[in-house]
Amino acid sequence: MTLSKAEMARLVARDIPDGSYVNLGIGQPTTVAAYLAPEREIVLHTENGMLGMGPPPADPAEQDPDLINAGKQPVTELPGAAYFHHADSFAMMRGGHLDVCVLGAFQVSAHGDLANWHTGEPGAIPAVGGAMDLAIGAKQVFVMMTLFARDGTPKLVPACTYPLTGLACVSRVYTEHAVFHLGPDGVRVAETFGTTVEELRTRLAVPLDAL
């Protein structure tokens, strides 16, 4: 069976090294927070100025309207949490102080190029946010996305056709069908779900190697 969104989030959480400083992008990546065990000491950063962000409050009555992530979703604070100016937050991102960021994407190329802020379609609303800073500043970039668009076209492609967010910045791609590792040697399939490497080779236009 292919993975659900929750299972994808759990898988990403599993692969984040203990003790990492991590930014979770807006959308599906924010769900990863719910699967990070406290004893792993993973510190979450959010662009709007917080380190030590916790998961959403279990009880809606405990929501604090002043305690939100970059996507304006309610979050909690963990012991030792710190707050700072927006400019300082971006300095952390641009200065290479984040170990991992998790982002969504419209397309990822076999070379690790990322397109996640604009489809280029007339009338589409561009939404770059801090993605460019995160894509280049983080030591590792994990992408969470569906492997195929609604029309069936692959989103893991030989070269991006959408406007780029960053060049050669993506290290891993997590999809409902497989986990891919990207690097100088090309695209390697680390795990598959409800499919095989051979089947993926028939559906994707990028060379695939098994990890």
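The coordinates are above.
Residues numbered from 1 in each chain as written. Predicted model: local features only at pLDDT ≥ 70, side-chain atom pairs only at ≥ 80, totals over all residues. Heavy atoms only, no water.

(A) Structural context of the nonpolar core. With 31 residues, the main nonpolar core has Val108, Leu114, Val143, Leu156, Val170 and Phe180 as its most contacted residues. Those elements giving two or more residues to this core turn out to be α2 (86-94), β5 (100-103), α3 (131-137), β8 (140-144), β11 (178-183), β12 (186-192) and α4 (197-203). Of the residues forming this core, the biggest block, three residues, is contributed by β11. With residues near it in sequence (within four places) discarded, valine 108 still touches Asp113, Leu114, Val143, Met145, Lys155, Leu156, Val157, Cys160, Val170, Val173 and Leu182. With 25 residues, the next largest nonpolar core counts Leu3, Ala13, Leu44 and Met50 among its residues. (Core = buried A, V, L, I, M, F, W, Y, C linked by side-chain atoms within 4.5 Å. Buried < 20%, exposed > 50% of the residue type's maximum accessible area, 1.4 Å probe, protein only. Helix = DSSP H or I, 4+ residues; strand = E, 2+ residues; numbered from the N terminus. Contact = heavy atoms within 4.5 Å.)

(B) Structural context of the sheet that holds β8. If you walk across this open sheet you meet the 10 strands as β4-β3-β2-β1-β5-β8-β10-β11-β12-β13, and the pairing is mixed. Each edge of the open sheet carries a strand with a single partner, namely β4 (76-83) and β13 (208-210). Averaged over all pairs of adjacent strands, the angle between strand axes in this sheet comes to 30 degrees, irrespective of strand direction. In the sheet, strand β1 (residues 21-24) pairs with strand β2 (residues 43-46) via three bridges, with the strands oriented parallel. Following the sheet pairing, asparagine 23 is matched in β2 by histidine 45. (Pairing = 2+ DSSP bridges. Axes fitted to C-alpha atoms, helices over the stretch in contact; angles between N-to-C directions.)

(C) Structural context of the pairing of β1. Of the pairings in the sheet, the one linking β1 to β5 comprises three bridges and is parallel in character. Bridge pairing links valine 22 to valine 100 in β5.

(D) Here's a closer look at empty space enclosed by the protein. Within the structure shown, the criterion is met by one cavity of 30 Å³ or more. Reported here for the largest cavity is a volume of approximately 30 Å³. Looking at the largest cavity, the residues that line it are Leu24, Gly25, Ile26, Thr30, Thr46, Glu47, Asn69, Ala70 and Gly71. (1 Å grid on protein atoms, 1.4 Å probe; cavity = no way out; pocket = protein on both sides within 12 Å on 5 of 7 lines; lining within 4 Å. Points joined across faces, edges and corners; volume = space filled by probe spheres on them.)

(E) View of the pattern of salt bridges. A complete count under the given rule lists seven salt bridges for this structure. Between arginine 201 and glutamate 198 there is a salt bridge, and its shortest N-O distance comes to 2.5 Å. You can see arginine 201 and its partner glutamate 198 sitting in helix α4, three residues apart, about one turn around the helix. Connected through shared salt-bridge partners, Arg14, Asp15, Arg172 and Glu191 make up one network. (Salt bridge = Lys/Arg side-chain N within 4 Å of Asp/Glu carboxyl O.)

(F) Fine view of the environment of isoleucine 68. Checked against the element boundaries, isoleucine 68 lands in the loop between β3 (50-54) and β4. Beyond its immediate sequence surroundings of up to four residues, isoleucine 68 is in contact with Asn48, Gln73, Pro74 and Val75.

(G) Local environment of the sheet that holds strand β7 (residues 114-115). Spatial ordering of the open sheet is given by β7-β6-β9, a layout of three strands whose pairing is mixed. In this open sheet, the two strands that pair with only one neighbour each are β7 and β9 (156-157). Direction of pairing for strand β6 (residues 107-109) relative to β9: parallel, over a ladder of two bridges. The residue bridging serine 109 from the neighbouring strand is valine 157, located in β9.

(H) Fine view of the state of the cysteines. For the coordinates displayed, the defined rule picks out zero disulfides. Lacking any disulfide linkage, cysteine 101 is separated from the closest cysteine sulfur, that of cysteine 169, by 7.8 Å. Judged by relative accessible area, cysteine 101 falls into the buried class, the value being 0%. This cysteine, cysteine 160, is not joined by any disulfide, and cysteine 169 carries the nearest cysteine sulfur, 9.0 Å off. (Disulfide = S-S within 2.5 Å.)

(I) A look at the side chain of asparagine 23. Within the element layout of this structure, asparagine 23 appears in strand β1. When sequence neighbours within four positions are dropped, the list of residues in contact with asparagine 23 reads His45, Thr46, Glu47, Leu98, Val100, Cys101, Val102 and Leu134.

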